[in-house]
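Listed here are the chains, written in short residue letters.
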Amino acid sequence: MNIWVDMTASAHPLVFRPLVGLLESQGHAVEITARDYAQTLQLIESHGMTATVIGHHGGRSSTGKARQLRARLKALRAWAKGRDFDLALAHGSHELTMTARRLGIPSSTTFDYEWAWLQHQLGCRAATRVVVPDSIPAERLARYGARPPKLQQYPGLKEEYYLADFEPDERVLADWGIDPARVLVVLRPPPDVSLYHRHSNPLFPLTLEHVGTLENVHAFVIPRTVEQRDYVRSLALPSVIVPDEAVDAQSLIALSDLVVSAGGTMNREAAALGVPVYTTYGGRLGGVDEQLIREDRLRPLTDPRALELHKRERTAESRVRRDPQVMLDLLLSALDA
């Protein structure tokens with residue numbers, strides 16, 4: 001088969017790395033398109049994949065997003081037309097499912113946050129299959145036209161699938177001058193440009209200022225954008241480390257003592273790797289985070305002073321690993337529709 005994969009955000013190369021590997025090992029051809037946004041292109045390259053770059057992020061305004069959506073849809077359609085794709089796959093890329101439907105290509109989309117209303121109204125309705133965690137109540141997805149058999153659900157977290165074969169690289173600590181005797185806190189800022197995160201959350205800057213001044217801590221911040229990187233650096237906090245480019249975030253998380261994130265993927269990576277994790281997310285919680293909180297695998301943070309800043313013991317028993325073929329089979333079920 002000839003399969004098209006579209007990647008539009010930093011999490012997507014992580015999700016699709018094992019799936020692309022499985023597809024290619026089973027004799028299928030895979031072509032990747034990608035949007036130039038955050039660390040997406042760097043992560044595609046660092047995970048041994050190649051992509052055709054089409055489009056970029058539309059910025060903060062709804063007008064900019066709409067303009068870029070139209071431009072990218074046109075460009076994707078021109079690129080994909082005549083390539084004889086048998087199937088198109090995405091993680092929340094409504095541009096892919098809309099284009100695939102226009103071209104008569106079966107498509108599957110997967111995501112794990114159900115409240116991105118506009119994105120899912122467009123993407124789910126156009127998709128042949130919608131594949132999500134079973135912790136998201138099915139009735140929340142019906143509003144997007146995603147009902148069985150179109151709706152397919154898998155157990156656990158997507159991170160438990162794509163991190164199944166992952167082992168951390170201890171060299172990342174030395175590469176960044178991280179003292180193993182100090183408490184390592186990995187932090188991820190809020191998704192400022194996301195439509196579903198409209199209001200600024202002051203909790204993350206307060207948390208950063210708290211841990212960034214402690215002598216027994218190394219606070220490693222993984223920014224989403226250049227603007228976020230420059231802002232964190234402007235604070236000149238003595239315990240803070242900010243990289244210039246994409247880093248081995250999974251190794252940093254696995255080797256850390258604590259993760260504090262205002263996003264979603266890093267929270268769930270920490271949970272999958274058995275690392276204590278706090279969320280400062282200011283938007284509406286999705287079903288995945290609700291389940292993790294019930295299981296005490298994710299803790300909402302309301303006061304930075306509540307962080308338990310101490311060295312932890314790393315054990316293999318705390319990790320959860322799942323077979324990525326399970327997720328791939330659900331995505332491939334679009335061929336049977």
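Structure's up top.
Structural notes, computed from the coordinates. (Residues numbered from 1 in each chain as written. Predicted model: local features only at pLDDT ≥ 70, side-chain atom pairs only at ≥ 80, totals over all residues. Heavy atoms only, no water.)

### With respect to the pairing of strand β3 (residues 52-56)
One ladder, built from three bridges, connects strand β2 (residues 29-36) with β3; its direction is parallel. In the strand pairing of β3, A34 is matched with V53. On the question of chirality, the crossover connecting β2 to the parallel β3 by way of helix α2 (residues 40-46) is right-handed. (Pairing = 2+ DSSP bridges. Helix = DSSP H or I, 4+ residues; strand = E, 2+ residues; numbered from the N terminus. Right-handed = clockwise from strand over helix to strand, strands pointing away.)

### Quick notes on the sheet that holds strand β4 (residues 87-90)
Here seven strands make up an open sheet; going across it, the order is β3-β2-β1-β4-β5-β6-β7 and the pairing parallel. Strands with a single pairing partner mark the edges of an open sheet, and in this sheet they are β3 and β7 (151-154). Sheet twist, expressed as the mean angle between neighbouring strand axes with direction ignored, is 20°. Of the strand pairs in this sheet, strand β1 (residues 2-7) and β2 are connected by six bridges, and their pairing is parallel. Along β2, the bridge assignment pairs M7 with A34. The strands touched by helix α3 (residues 62-80) are β1, β2 and β3; relative to β3, the strand with the most contacts, the crossing angle is about 160°. (Axes fitted to C-alpha atoms, helices over the stretch in contact; angles between N-to-C directions. Contact = heavy atoms within 4.5 Å.)

### Quick word on the packing of helix α1 (residues 11-25) against helix α14 (residues 324-332)
The N-to-C vectors of α1 and α14 enclose an angle of 75°; their axes lie 10 Å apart at closest approach. Classified by the interaxial angle, the pair formed by α1 and α14 is roughly perpendicular. Here α1 contributes P18, L19, L22 and L23 to the contact with α14, which in turn contributes P324, Q325, M327, L328, L331 and L332. (Parallel < 35°, antiparallel > 145°, perpendicular 65-115°, else oblique.)

### Topic: the sheet that holds strand β13 (residues 299-300)
Spatial strand order, β10-β9-β8-β11-β12-β13: six strands in an open sheet with parallel pairing. Each of the sheet's edge strands pairs with one partner strand only, and the pair in question is β10 (240-241) and β13. Along the sheet, helix α12 (residues 265-272) contacts β8 (183-188), β11 (258-261) and β12 (277-279); its crossing angle with β12, the most-contacted strand, is approximately 155°.

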